[in-house]
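Residue-level structure breakdown
Each chain, written out:
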Number of protein chains: 2
Amino acid sequence: MRRMLVTRTEIKERTTRLQARLAAGGMQAALLLMPSDIYYFTGTRQNSALWVPVEGEPVLLVRKSLERARAEGLIDDIRPFPKSKELSALLGGEGDTVGMTFDAVPVQQHGWYSKVLPGRRFVDCSMIVRDQRSVKSPAEIELIRRSADKLISVFREVPSFLKAGMRELDLAAEMEYRLRRLGHEGFVRMRAFNQELFGGMAVSGGAASYGFFDGAVTGKGLSSAAPQGASFEVIRENIPVLLDFVGLFDGYLVDMTRMFVIGKLDAELRRAFEVSLQIQEAVRNAMVPGAICEEVYQQAAAMAEDTGLGGNFMGMPGEQSRFVGHGVGLELDELPVLAQGFAFPLQKGQVVAVEPKFVFPGKGAIGIENTFAVTETGGERLTELADDLVQL
Amino acid sequence: MRRMLVTRTEIKERTTRLQARLAAGGMQAALLLMPSDIYYFTGTRQNSALWVPVEGEPVLLVRKSLERARAEGLIDDIRPFPKSKELSALLGGEGDTVGMTFDAVPVQQHGWYSKVLPGRRFVDCSMIVRDQRSVKSPAEIELIRRSADKLISVFREVPSFLKAGMRELDLAAEMEYRLRRLGHEGFVRMRAFNQELFGGMAVSGGAASYGFFDGAVTGKGLSSAAPQGASFEVIRENIPVLLDFVGLFDGYLVDMTRMFVIGKLDAELRRAFEVSLQIQEAVRNAMVPGAICEEVYQQAAAMAEDTGLGGNFMGMPGEQSRFVGHGVGLELDELPVLAQGFAFPLQKGQVVAVEPKFVFPGKGAIGIENTFAVTETGGERLTELADDLVQL
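Residues numbered from 1 in each chain as written. Chains lettered and ligands numbered in written order. Predicted model: local features only at pLDDT ≥ 70, side-chain atom pairs only at ≥ 80, totals over all residues. Heavy atoms only, no water.

What to know about the overall build of chain A
For chain A, the count of helices and strands is ten helices and 17 strands. Principal-axis analysis of the C-alpha atoms gives chain A an extent of 70 × 40 × 35 Å. Put simply, chain A has 392 residues, and 65% of those count as buried. In chain A, the share of contacts with a sequence separation of at least 24, taken over all contacts with a separation of at least 6, comes to 68%. Here chain A displays about 13,500 Å² of accessible surface, and carbon together with sulfur accounts for 52% of that area. (Helix = DSSP H or I, 4+ residues; strand = E, 2+ residues; numbered from the N terminus. Buried < 20%, exposed > 50% of the residue type's maximum accessible area, 1.4 Å probe, protein only. Contact = heavy atoms within 4.5 Å. Areas by Shrake-Rupley, 256 points an atom, 1.4 Å probe, with all protein chains shown as cover.)

So, the nonpolar core
All names here are of chain A. By size, the foremost hydrophobic cluster in this structure holds 67 residues, and its most contacted members are Phe 155, Leu 162, Leu 171, Leu 243 and Phe 245. The element contributing the most residues to this core is helix H7 (residues 138-161), with ten residues. Shared between two domains, this core takes at least three residues from each, and those domains are domain 1 (8-133) and domain 2 (135-391). The residues touching Phe 155, leaving out its near neighbours within four places in the chain, are Met 175, Leu 243, Phe 245, Met 256, Arg 258, Phe 260 and Leu 385. (Core = buried A, V, L, I, M, F, W, Y, C linked by side-chain atoms within 4.5 Å. Domains from an automatic or database assignment.)

Overview of the interface of chain A and chain B
Many authors give the size of an interface as the accessible area that is lost as the parts come together. The interface of chain A with chain B comprises 73 residues on the first partner and 70 residues on the second. Between chain A and chain B, the buried area comes to about 6,300 Å², and carbon and sulfur atoms account for 53% of it. The three residues of chain A that bury the most area against chain B are Lys64(A), Arg180(A) and Phe193(A), which together make up 12% of that side's buried surface. Between the two partners, chain A and chain B, sit six salt bridges. Between Glu176(B) and Arg180(A) there is a salt bridge, with the nearest N and O atoms lying 2.9 Å from each other. Those elements that provide at least two residues to the side of chain A that touches chain B are helix H2 (35-42), strand E2 (47-53), helix H3 (66-72), helix H5 (107-116) and helix H8 (168-181) of chain A. Looking at side-chain class alone, the side of chain A that touches chain B contains 30 nonpolar, 20 polar and 23 charged residues. (Buried area = accessible area lost by both parts, 1.4 Å probe. Salt bridge = Lys/Arg side-chain N within 4 Å of Asp/Glu carboxyl O. Nonpolar A, V, L, I, M, F, W, Y, C, P; charged D, E, K, R; others polar.)

Digging into the pattern of salt bridges
According to the stated counting rule, one finds 62 salt bridges over all chains in the structure shown. Taking the shortest distance from any N to any O, the salt bridge between Asp103(A) and Arg191(A) comes out at 2.6 Å. Within this pair, whereas Asp103(A) is found in the loop between strand E5 (97-100) and H5, its partner Arg191(A) is found in the loop between H8 and strand E7 (200-204), the two being separated by 88 residues in sequence. With respect to class, Asp103(A) is no different from Arg191(A); both count as buried. The salt bridge involving Asp37(B) is made with Arg133(B); its shortest N-O contact spans 2.6 Å. Note that Asp37(B) is positioned in helix H2 (residues 35-42) and Arg133(B) in helix H6 (residues 126-134), a separation of 96 residues in sequence. No difference in accessibility class separates Asp37(B) from Arg133(B), as the two residues are buried. What you see here is one network of salt bridges that share partners, running through Asp37(A), Asp103(A), Arg133(A), Lys136(A), Arg191(A), Glu331(A) and Glu334(A).

Some points on the relation of the copies chain A and chain B
The two chain copies are related to each other by a rotation about an axis together with a translation along it. Note on the copies: chain A fits chain B at an RMSD of 0.0 Å, the axial shift is 0.0 Å, and the rotation between them is 180°. Accordingly, the operation relating the two chain copies is best matched by a two-fold axis. Judged by C-alpha distance, Pro106(A) is the residue of chain A that lies nearest the rotation axis, at 1.9 Å. Both copies present the same face, since 96% of the interface residues in chain A are matched by interface residues at the equivalent positions in chain B. (Least-squares fit on C-alpha atoms with pLDDT ≥ 70 in both.)

Brief notes about the pairing of strand E11 (residues 334-339) of chain B
Consecutive side chains along a regular strand alternate between the two faces of the sheet. Residue and element names in this part refer to chain B. With five of six residues buried, E11 lies mostly within the body of the structure. When strand E10 (residues 323-327) meets E11, the two strands line up antiparallel, connected through four bridges. Within E11, the residue paired with Gly 327 across the bridge is Glu 334. Counting the residues in the hairpin turn of E10 and E11 gives six residues. (Pairing = 2+ DSSP bridges.)

Focus: the sheet that holds strand E17 (residues 390-391) of chain A
Residues and elements named next belong to chain A. The four strands are arranged E7-E8-E9-E17 in an open sheet whose pairing can be described as mixed. Two strands in the sheet have a free side with no partner beyond their single neighbour: E7 and E17. Relative to E17, strand E9 (residues 252-261) runs parallel, the two being bridged by two bridges. Bridge pairing in E17 links Val 261 to Gln 391. The sheet strands contacting H7 are strand E8 (241-249), E9 and E17, and the helix crosses E9 at an angle near 25°. Relative to the sheet, H8 contacts E7 and E8, its axis offset from that of E8 by approximately 25°. (Axes fitted to C-alpha atoms, helices over the stretch in contact; angles between N-to-C directions.)

Re H2(A)
Residues and elements named next belong to chain A. In terms of burial, H2 is a largely internal element, eight of the eight residues being buried. Among the residues of H2, those classed as buried are Pro 35, Ser 36, Asp 37, Ile 38, Tyr 39, Tyr 40, Phe 41 and Thr 42. Gly 43 sits one or two positions beyond H2 and adopts a positive phi of about 90°.

Examining the domain arrangement of chain A
Residues and elements named next belong to chain A. According to the domain assignment, chain A contains domain 1 (8-133) and domain 2 (135-391). A separation of 33 Å is found between the C-alpha centroids of domain 1 and domain 2. Taken together, the contact between domain 1 and domain 2 spans 15 residues of the former and 16 residues of the latter. Of all residues in domain 1, the largest losses of buried area upon contact with domain 2 belong to Arg 130, Asp 131 and Arg 133, amounting jointly to 40% of the total for that side. For the pair domain 1 and domain 2, the interface holds eleven residue pairs in polar contact (both at pLDDT 80 or more). For the side of domain 1 that touches domain 2, the elements supplying multiple residues, two or more each, are helix H1 (8-24), H2 and helix H6 (126-134). It is H6 that provides the largest number of residues to the side of domain 1 that touches domain 2, a total of five residues. Here the side of domain 1 that touches domain 2 is composed, by residue class, of four nonpolar, three polar and eight charged. (Polar contact = N/O pair within 3.5 Å; in protein donor to acceptor, adjacent residues only side chain to side chain.)

Re the packing of aromatic side chains
On inspection of all chains with the given rule, the structure shows eleven aromatic pairs over all chains. Consider the rings of Phe81(A) and Trp112(A), whose centres lie 6.4 Å apart with planes at 40°: the pair is tilted. Of the two residues, Phe81(A) is situated in the loop between strand E4 (77-80) and helix H4 (84-90) and Trp112(A) in helix H5; the sequence distance between them amounts to 31 residues. Centre to centre, the rings of Phe313(B) and Phe358(B) are 5.4 Å apart; their planes meet at 45°, and the pair counts as tilted. Of the two residues, Phe313(B) sits in the loop between helix H10 (293-306) and E10 while Phe358(B) sits in strand E13 (residues 357-360), which places them 45 residues apart along the sequence. An identical accessibility class is assigned to Phe313(B) and Phe358(B); each is buried. Grouping aromatic residues by their ring pairs yields a cluster made of Phe81(A), Trp112(A) and Tyr113(A). (Phe/Tyr/Trp six-rings, centres within 6.5 Å; stacked < 30°, edge-to-face > 60°.)

Comments concerning the sheet that holds strand E10 (residues 323-327) of chain A
Whenever strands of a sheet pair, they do so through backbone hydrogen bonds, lying parallel or antiparallel. All names here are of chain A. On the basis of which strands lie adjacent, the open sheet formed by five strands has the order E11-E10-E12-E15-E16 and antiparallel pairing. This sheet does not close on itself; its edge strands, each paired only once, are strand E11 (334-339) and strand E16 (380-381). The pairing of strand E15 (residues 370-373) with E16 spans two bridges and is antiparallel. The partner of Phe 372 across the bridge, within E16, is Arg 381.

Put into structure tokens, the structure is as follows:
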């Protein structure tokens, strides 16, 4: 009845790797509270907290639903969340150094656990967890491929419903409706504080060149309260229509962008599109284990500069983002980031959405996005759909 | 061109009220980082931090987009986010006690600001901000009414698309598609750590009686990775179909549940539905300023008990939630909560989604939900649609 999305063996391997990293970091345990982390290490995402000691078995403490956590969870020790007085006897001892993901856990949670677990020193294990999760197993890559195939099937249908005169919002609704019926989860997990995103963006022409968040293209959105994604603007002929959508099925997401136009784009935009394909190919070639993330970005930025498009690369002039790709998996903003300041080497099995884009104020946004896995021979494309600008 | 969703005068009044509360709490300022709080006090939700001193003018420091924050923002001092070295000179002085919303701000953010603002003592101002935001102005209530009218228009269409043989997921997609085209923002803001929700739930029969989150009805969801809301289960005849959806337009949301059945419900379910209406009416009558939230819940729970349905009230037997209503506004989980342990008095202008529901394992969930404003004469209904079970 229930579809198995991960095996008990893989969960065990993940736990063992985490334990080794925690030990190397001088910790006696980690207390994981983020849903995505708990799901990764247990196979269930109920309301719960996961204790992972460096020696011994992890314990999942479940607030709700215990029954469901036990039915889904792939670790042995799953029990009700105890009274706060009983927690201290259960989770390590005084003097322990305990990892917690400070990137996402609120101050109140940290304060509460500090009180009920006296004598523990909590330290930040965000990078340990995020780095481990960034490297995908073959089974995870297969799940991402399956998400890609569903997203691609919807991209293929776009010519049947994209019409001049419809609003960006209508186009977004058509995409979302089809994705949803295929099993899209509807809620895209983002980890970074303050990030908010739904399933994607349908933006066109000048309305594409607005922004708040740390991406290249944000969209105008519906109001000052929801200032991203599709707007009420009408899609016209001969302007770029950018569809940047997330396929999210069975927990794993994939990220793609394709360009459409009803009619024809002008020479400047067509040229920028060609440059984005060239940059994508250069980045793909560079995606081998050991390549330094920020150097991959710098190479991309230099290509944009060399073609005279440096001022339009990855955002509005003056508000450009200094990245060209981001990790994807359970969350849309996983490691690694192909970004300035991110001086870490790529690792085999990391999965990265590469999205070279250009923004022309008043005219619109143009570019490409595909999701690749890092391999010894460069990025392996997981999103098998032609990159071509689709002219209707 | 831009729709004004709040006036400069109202933003000014909100700031003045917050300043008085911060001063009464012994603070010299608050540093607000949550998007919903920043939007409430400025009218813009760009990537930014808001400094509100108890004396003088607030300052919005914008990472991105400064241009858009200036176009939308309704406070005077909006400037680029400075270099970290310059922050300390700008934001108060050593010895200041500074409020921060510890309920939502991650440990890393708190740590970073503690470092760049040395000598400040950060304290939790979550309850001050949340309590203030819980009391809606007439203009906010009007926005919630407008959201309600759009949501209601979609509920009215349900008989045209609800069919036996469709999956819960298909029904959810039909709801979401129509809401989206009306301008639903797609992303429902929740404040509590670990909460995740998309636009609503379409659940039926036994698949309705699963749960993880702190609501009465959760739904089975699509997988262990997304364990809430609509599932792949097929909707059959003579089982309860529960539609619990959020209308979210222009920043403000409203929450409603209606029941449908293709065919007929059995006597036990029909009776439970009648009891949910009686409880709703009792709660509505009790929603006057000064009423104690947990007493309103206790009255509702006692009514469920008196009718012999206490074991099914607000959740699966053994996993019941001890609440009957929650505040709504910019977020789905605002104050007040009509819940055990919440011993605060209701205030005029608070807006609460009241949702008495019953869960029968294997048979399904049934109940009602409407959104009411607290007034001197009891709850004023903002969701003007008949409560009747719709039989198709």
